[in-house]
Every structure is written in C-alpha cells, then in structure tokens.
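Reading the structure
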Amino acid sequence: MSVTTRRPELTTDILTEWQMMRDAYVGERGIKYRREEYLPKPGGFNAMPDNGTAMYNAYLKRARFPEIVGSTIRGLLGAIHGQEWQIDLPQALEGMRVRATDDGLTLANFSQRVTRELLITGRYAVMADAPENGGDPYLLGYQAEQFINWDKGEDFYVFEEIDFVRNDFTWTSVTRSRVLQLDANGKYVQTIYINDADDNTEFEELSVQARGARSLDYVPVAVGGAMDMDLKPDTPPLIGVARAAIAHYQLNADYRLQLFMTGQETLIVYNATDLPKVVGAGVIVGLSSAEETKDVRAEYIGPSGVGIDKHERAMDREQILAMKTGAQLLDQGGASQESGAARRLRFAAETATLNAIANASASILEKALRFAADLAGANPDEVSVRPPANLLEGRMDAQMLSALVSAYEKGAFGYETLYENLVRGHIANSDRGFDDEQKQLDQGFLPLDEQT
C-alpha cells in the first residue's frame, strides 16, 4: 500500500460517472477528446485499408453533441445563487468575503464553486487552513476525484493535488498527496508527499496551529454530497442528463453518416466501350456500345437511407429526455386550471432535490467556515450560512403585481409584508431593507434627473 491508494468505495463505475459528467459539462470538445469511449467505431470501418482511421475521423467530426449538460448546470447554479445568500461571519473572518481562498476567490465565488461541484459530481471537500508561520485562515477546495482516501473514525483524509512548476520556459507536472490526520498525541498534522521523476517519495510534515499557538484536536475538513454530509460517494444528481445527451450524440453520428452516404451516389455505366472522364452538371457525355445489340445505360446508385427517419425520432426522444431530466427542477409551469394546493404540492416535489443541493452546499461551507473561525481564534457559533428559502420564485408579472398592491391598499396586510413579496418577486431591490425603502418613500417622488 502507498499514499496513493484509493478507498475501496471509489470503484471504477463511480470514477467513470464522474469523468462522464465532467466531459459532458465541458461539452463537445470534452466528449470528442475521448473518441471511442463515447463514440464506438462501427465494425465495418475496420475493413478499410487503414483500419478505418480516416473514415472514423470523418464520422467523429460530423457528429454533434447537444450542449445540454453545461447549460442545465449553469441554469441550476443561477437558480440557487440568483438570490443573495445570508452569510454571517465573526469580525475576524470578515476579510474572507473578498479573499476566501489561497487563489483569491471571494466567498461568494467560492460558494458557487461548491454548488457547481455538487451539481457535477455530487461530492466536494473543503479544508480550512492557515499559514504555518501565522496569518489569516483560508479555504481549500478539493474535487471529488482528488479526495482519494479517508477514515472518519480515525480523522484521516488524503487529497491528491496536481500542480505545475516552471523552470525558465518549461513547465513540469508535480503530483502531491496531502495527508491530514491526528498524530500519536491526538494533535492535528499535515504530511505532504511528493513523487519525483524517479518515483522517489519525499515528504514534509507540517504542524497547523490556531491563533495563539493552540494545537487542534480535530481535522478541519468538511465533506458532503448533493443531498447530505455523508462521506460515501453518491451518484451525480444529473447523471441522467449526461447519459441521455451521450445517447443523442451516438445517434446523431449514425444519422449524419447515413445522410452523407445517401448523398454520395455512385455512377454505374453498362455496356460502354469508353467511360466518361468528367461527370456533373453542364457536362455532355457520349457513350458507345461495344456491340450494336447491347444498350448503353448509365445511372447513379446510392444507399436508400431507410433508417434516417427512425434515427430522427430516436434523437428527438433522447433530447427531450435530457432536457426534461434537467429542466424539471426549474419548471414552475402547470395547467392553468391546476388548484393552488395541487400546484404547491407539485412544486414542492419538483424543487425538493434542488433545495437539498442548496442546503448541502450551505452546510459544507458553514462547517468549513466554522473551522476557519476556530483557527482565527473567533467563536465558530457566530458563523451561519443560509441559502434563500424559495429558490425558484421567479419575477412577478404585471398582473400579480397589480393584485398584490390592490390587496395591500384594501388593508389585507401591511406594507412590510408587501415589500417582502416585492423583493421576492424581483421588483424591489434585494440589497435594500424595509426601513431603507420606507425612507425612500418618505422623501417623496423625485424625477430621475434630480435624484442623487
């Protein structure tokens, strides 16, 4: 066993699903880079002199991958982070709002990264760290593939890091293994292993201390999935979208091959002594027979393409399935005659997964920030991360706005309730509170050119 040994739960199937999601998220470039992994070579190509390489390259180039996975993830990410998250921090961590990670991400940007990774692979890990010689804490994020080993019962975690080191104009890839655990005295330590080009392993042990030279008796790592904080890897929440998109891609390759083959007809000439050197529109071809008793005939013959229509229908089904799988989390529609109670029940069921992902993302970030607060010598209980309660409430239309204001004017509820609904409907400014808005009203109306 070595430091690069993977936990048994990280099976080939799990790793393959993660790779599929990442490739599909990148889009056509990522999918085509894998070549036959997602688009197998048709058996007939192997009969070609070059083993079908040229024909497969053309087959691959014509195929089109539907950019559904990336757009779905970006849409869901927008729905989750479209409204401001409530993040409370102790004074010692306020600087993390503008620089939360060692590579300079703001806390809002890093929060979105956590959610995006949960949507892609359904797994993410965040470590709270601090400079060994003292300084402000920061967060380090690890993708699912980098979190290779763990033992929660022993406070033991192993992360794989790949970095590039420059020597003049040359870059060299360096792989490190970062081991986080408690030593024999129950104190938290980091050990970094580096394998060089000759497979020699070097290691360095780091002692991380909280402010005031206080040692930690726990490992400051927060790990979670798309639904909970379980260490066990789960199936990516959008794997169905990726599979349907790849199925559409494979059908599209066969469909375009048929279109190409049926459009490339072959000229067949019967009973002629000489053959035309040039064919095509505007060319006059004269042919003569070797024997007067035989008729000279020429015709174009090509494949019939009997499966084209079936491929079109199959592609439509896969595309609809992919779009439905991803878009159902954003669907607020429904029949106009649907009752309010039925609509609420349906809407709650459709958004349950999306809310769970948002809550899981918030829980991971909150736990990591509490570790950072402890490293900074602050009170971890002052940290709180809360996503919006109603993620998918869209913009209020004119009819809904008119009805809401009318109900307020008739005394059905107070102005504060009205304002909360205006913010939720993206009418009022979410960055301005009720009291600030009331001050604006007290000042009265000013033309735009007089406002400051």
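Residues numbered from 1 in each chain as written. Predicted model: local features only at pLDDT ≥ 70, side-chain atom pairs only at ≥ 80, totals over all residues. Heavy atoms only, no water.

1. Things to note about the overall build of the protein
What counts is decided by this rule: Comment: elements are numbered from the N terminus, with helices defined as DSSP H or I runs of at least four residues and strands as E runs of at least two. Buried residues are those whose accessible area, probed at 1.4 Å on protein chains only, stays under 20% of the maximum for their type, while exposed residues exceed 50% and partly exposed ones sit between those limits. Residue contacts are defined here by distance: any two heavy atoms, one from each residue, within 4.5 Å place the two residues in contact. Each accessible area is a Shrake-Rupley estimate made with a 1.4 Å probe; only the visible protein chains count as cover when residues are assessed.
Regarding its fold elements, the protein presents 11 helices and 14 strands. Counting all 452 residues of the protein, 37% fall into the buried class. Of the contacts made within the protein by residues no fewer than 6 positions apart, 63% connect residues no fewer than 24 positions apart. Looking at the protein as shown, the accessible area adds up to about 25,700 Å², and 50% of this sits on carbon and sulfur atoms.

2. Describing helix H1 (residues 12–26)
Stated formally: Expected helix span is computed as 1.5 Å times (number of residues minus one).
The end-to-end C-alpha separation of H1 is 21 Å, in line with the 21 Å expected for 15 residues at 1.5 Å each. For H1, the complete set of buried residues consists of Ile14, Glu17, Trp18, Met20, Met21, Arg22, Asp23 and Ala24. Gly27, located one to two residues past H1, shows a positive phi value of around 110°.

3. Overview of the side chain of Thr191
Looking at the element boundaries, Thr191 is found in strand S7 (residues 188–195). Since its relative accessible area comes to 5%, Thr191 is described here as buried.

4. Some words on the side chain of Ser111
By the secondary structure assignment, Ser111 is in helix H5 (residues 107–120). Among all residues touching Ser111, those that are not within four sequence positions of it are His81, Trp85, Ser361 and Leu365.

5. Description of the pattern of salt bridges
Selection criterion: Definition used for salt bridges: Asp or Glu carboxyl oxygen within 4 Å of a side-chain nitrogen of Lys or Arg.
Going through the model one piece at a time under the given rule, you end up with 15 salt bridges. One salt bridge in this structure joins Arg243 and Glu17, with 2.8 Å as the shortest N-O distance. Residue Arg243 is found in helix H6 (residues 239–262), and its partner Glu17 is found in helix H1; the two are separated by 226 residues along the sequence. You can call Arg243 partly exposed: its relative accessible area is 44%. Given a relative accessible area of 13%, Glu17 falls into the buried group. Residues Arg34 and Asp23 are paired through a salt bridge, measuring 3.1 Å at the closest nitrogen-oxygen approach. One end of the pair, Arg34, is in the loop between helix H2 (28–33) and helix H3 (53–62); the other, Asp23, is in helix H1, and 11 residues separate them in sequence.

6. Side note on the sheet that holds strand S3 (residues 138–143)
The criterion, for reference: DSSP calls a pair of strands paired once it identifies at least 2 bridges connecting them. Each axis is a line fitted through C-alpha atoms, taken for helices only over the stretch in contact, and angles between the N-to-C directions span 0 to 180 degrees.
Here 3 strands make up an open sheet; going across it, the order is S3-S2-S11 and the pairing antiparallel. Each edge of the sheet is formed by a strand with only one pairing partner; in this case those strands are S3 and strand S11 (221–225). Sheet twist, expressed as the average angle between the axes of neighbouring strands with direction ignored, equals 20°. Two elements, strand S2 (residues 123–129) and S3, share 6 bridges in a ladder whose sense is antiparallel. By the bridge assignment, Met127 is partnered in S3 with Leu140. Docked against the sheet, H5 engages S2, S3 and S11, running at close to 150° with respect to S2.

7. Quick word on a nonpolar patch on the surface
Defined as follows: Patch membership is restricted to residues that have no salt bridge and whose relative accessible area is over 30%. Joining uses 9 Å for like charges and 5 Å for the nonpolar side chains Val, Leu, Ile, Met, Phe, Trp and Tyr.
Where nonpolar side chains cluster on the molecular surface, the patch consists of Ile162, Phe164 and Trp171 and spans about 380 Å² of accessible area. Inspection of the secondary structure assignment puts Phe164 in strand S5 (residues 156–167).

8. Concerning the nonpolar core
Definition in use: As used in this record, nonpolar core signifies buried Ala, Val, Leu, Ile, Met, Phe, Trp, Tyr and Cys residues forming a set joined through side-chain atoms within 4.5 Å.
By size, the foremost hydrophobic cluster in this structure holds 88 residues, and its most contacted members are Leu139, Tyr157 and Leu369. Every residue in contact with Tyr157, bar those within four places of it in the chain, is listed here: Phe147, Asn149, Trp150, Lys152, Arg178, Val179, Leu180, Val219, Val221, Val223 and Leu231. Counting residues in each nonpolar core, the second largest holds 5 residues, with Leu404, Tyr415, Leu418 and Tyr419 among its members.

9. Some details on the packing of H1 against helix H4 (residues 69–81)
Under the convention used in this document: When describing relative orientation, an angle under 35 degrees is termed roughly parallel and one over 145 degrees roughly antiparallel, while 65 to 115 degrees is termed roughly perpendicular and anything else oblique. Each residue gets one of three labels, nonpolar for Ala, Val, Leu, Ile, Met, Phe, Trp, Tyr, Cys and Pro, charged for Asp, Glu, Lys and Arg, and polar for the others, Gly among them.
Axis separation between H1 and H4 bottoms out at 6 Å; the angle between their running directions is 90°. In terms of their interaxial angle, H1 and H4 are classed as roughly perpendicular. Note on element contacts: H4 touches H1 through Val69, Gly70, Ile73 and Arg74, opposite Met21, Ala24 and Tyr25. Here the residues of the contact of H1 with H4 are counted per class, giving 5 nonpolar, 1 polar and 1 charged.

10. Digging into the packing of H1 against H5
Packing of H1 against H5 brings their axes to within 9 Å, and their N-to-C directions diverge by 115°. Taken as axis vectors, H1 and H5 run roughly perpendicular relative to one another. On H5, the residues that touch Met21, Arg22 and Tyr25 of H1 are Arg116, Glu117, Leu119 and Ile120. When its residues are assigned to classes, the contact of H1 with H5 shows 4 nonpolar, no polar and 3 charged.

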